[in-house]
Amino acid sequence: MGQLVKLMDCISRYETDVYYYVPEFIRLKQRQWEQAKARWQAERTAEASGWLETGETWNAWLDKPSWWERLTKRWRRRAALTEEETFSLAPMACPAATLEELKQQFLDELFELQLKWASSTMMYVSSLDEAVYGDETLKYFLQRFPDTHLCFYRPVAMVGKAPVELETMMLTPSALWCIAFVEGRPDNIVMASTGRFWVEQAGTNETRLVNPVVSLRRTEQIVSEIFRKHEVDWPIHLVLLNRSGYIDSGGLFPFIRYIDKRNYDEWFSRLRRSALPLRHGQLKAAEALLRHCASFYDRRHDGNMSGEEGQQ
């Protein structure tokens, strides 16, 4: 599960200490998954042996709250600083029938946890649009990639005093991938050009798209300058992605990797199967990027927000 290090212009607890929170998330996920799986298997075994009636949960026998109801963990950013976090999880309409269903339920719950981490710290909180909770593109980055992949989802960088929205970036243990989507209707054909607009063909219909290369190159230039300033040596790859259709590049822009229906599975499998561990250079790159990302937030007052408090 990729980690949501930065979400648009929201404040993120990764900004406070990326070296702590990245490995801590991996530990949390592994710990909670093992507990959830063990509880699920115990319930199945007890039900099969007749200890539990169908539909009854093991929690009723243990008289303990399940991970579905509450997930509590004491967090530490430094030895001298502790924070008690309680995550109230929505009750499931029906228990998972298979291990695969359990995995998906677990990922959906962690998705909401990630949104909390990516929009709040101990002292501050950013407001989230409700649409974020149903953003399938965001879920794609967080639920389909390894824990060691760090996602900057539509981040906003400060260039001088001006905020500039960048393309989504995935920081892996081997490279930084700047990804722009050129998707539309299934089996469409997106035709590249040097002009301001590209054309998407789907059957007999044609639609104009803003040339995505402009935004990708702007993202690359800003990131390259940040890396240079902080002495970060990390490869940067530019990707145009069309998972359900095709891209006709026309031989243009050879510095861009065109990923479409013809080579998507190979590209995705290579990233997904990556067994590389977290690397110090990767975390250094993440820290450098976070330093130059905009954050708009309010001070937390007993869980309530009251007026804009700051920007960084």
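Above this text is the structure in question.
In this report, the structure presented in the accompanying data block is examined. What you see is a predicted model, and the numbers here were worked out from it, not measured in a lab.

Remarks on the overall build of the chain
Scanning the chain from terminus to terminus reveals seven helices and 17 strands. Evaluated residue by residue, the chain yields a buried proportion of 47% over its 312 residues. Taking contacts inside the chain between residues at least 6 apart in sequence as the whole, the part at least 24 apart equals 61%. Of the roughly 16,100 Å² that the chain leaves accessible, carbon and sulfur atoms contribute 50%.

Remarks on the pattern of salt bridges
It is possible for side chains bearing opposite charge to pair when their charged atoms get close. Using the criterion set out here, one finds 14 salt bridges in the structure. Here Glu165 makes a salt bridge to Arg154, at a shortest N to O gap of 3.5 Å. In this pair, Glu165 sits in strand 7 (residues 162–165) while Arg154 sits in the loop between strand 5 (150–153) and strand 6 (156–159), placing the two residues 11 residues apart along the sequence. By relative accessible area, Arg154 is classed as partly exposed at 33%. Note that Glu220 is salt-bridged to Arg217, the shortest N-O span being 3.1 Å. Of this pair, Glu220 and Arg217 both sit in helix 5 (residues 212–229), three residues apart, roughly one helical turn. Judged by its relative accessible area of 31%, Arg217 falls in the partly exposed class. Shared partners join several salt bridges into a network, and the residues in it are Glu24, Arg27 and Arg31.

Re the sheet that holds strand 12 (residues 205–210)
Spatially, the four strands line up as an open sheet ordered 12-11-10-14, and their pairing is mixed. Strands at the two margins of the open sheet, each flanked by one partner only, are strand 12 and strand 14 (246–248). The mean angle between the axes of side-by-side strands here comes to 25°, regardless of whether they run parallel or antiparallel. When strand 10 (residues 189–191) meets strand 14, the two strands line up parallel, connected through three bridges. When the bridges of strand 14 are listed, Val190 appears paired with Ile247.

Things to note about helix 4 (residues 136–143)
Note: α-helices contain 3.6 residues per turn, so residues at a spacing of three or four share the same orientation. By the criterion of burial, helix 4 is predominantly enclosed, with six of the eight residues buried. The complete set of buried residues in helix 4 reads Leu138, Lys139, Tyr140, Phe141, Leu142 and Gln143. The backbone nitrogen of Thr137 has a side-chain oxygen 3.0 Å away, supplied by the residue at the start of helix 4, namely Asp135.

With respect to the pairing of strand 9 (residues 176–181)
For strand 9, the tally of buried residues reaches five of six residues, placing the bulk of the element in the interior. Sheet analysis places strand 8 (residues 168–171) next to strand 9, joined by four bridges and oriented antiparallel. Bridging across to strand 9, Met169 finds its partner in Cys178. As consecutive antiparallel partners, strand 8 and strand 9 are separated by four residues. Both strand 9 and strand 13 (residues 236–241) contribute to a ladder of six bridges, which runs parallel. Residue pairing for strand 13: Cys178 is matched across the bridge by Leu238.

Side note on the sheet that holds strand 9
Strand pairing in a sheet is mediated by backbone hydrogen bonds. Such pairs are either parallel or antiparallel. Spatially, six strands are ordered 1-5-8-9-13-15 in an open sheet, and the strand pairing comes out mixed. Whereas interior strands pair on both sides, the edge strands pair on one side only; in this sheet they are strand 1 (3–7) and strand 15 (256–259). Mean inter-strand twist for the sheet, computed between neighbouring axes without regard to direction, equals 25°. Pairing of strand 13 with strand 15, which is carried by four bridges, proceeds in the parallel orientation. Bridging from a neighbouring strand, Leu240 pairs with Tyr258 of strand 15. Sitting on the sheet, helix 6 (residues 264–272) is in contact with strand 9, strand 13 and strand 15, with an inclination near 145° to strand 9.

Considerations on the pairing of strand 6
One ladder, built from four bridges, connects strand 6 with strand 7; its direction is antiparallel. Residue pairing in the sheet places Met158 in a bridge with Pro163 of strand 7. Linkage of strand 6 to strand 7, two consecutive antiparallel strands, is achieved through a turn of two residues, within which Gly160 is found at a positive phi near 70°.

Procedures and definitions
Residues numbered from 1 in each chain as written. Predicted model: local features only at pLDDT ≥ 70, side-chain atom pairs only at ≥ 80, totals over all residues. Heavy atoms only, no water. Helix = DSSP H or I, 4+ residues; strand = E, 2+ residues; numbered from the N terminus. Buried < 20%, exposed > 50% of the residue type's maximum accessible area, 1.4 Å probe, protein only. Contact = heavy atoms within 4.5 Å. Areas by Shrake-Rupley, 256 points an atom, 1.4 Å probe, with all protein chains shown as cover. Salt bridge = Lys/Arg side-chain N within 4 Å of Asp/Glu carboxyl O. Pairing = 2+ DSSP bridges. Axes fitted to C-alpha atoms, helices over the stretch in contact; angles between N-to-C directions. Polar contact = N/O pair within 3.5 Å; in protein donor to acceptor, adjacent residues only side chain to side chain.

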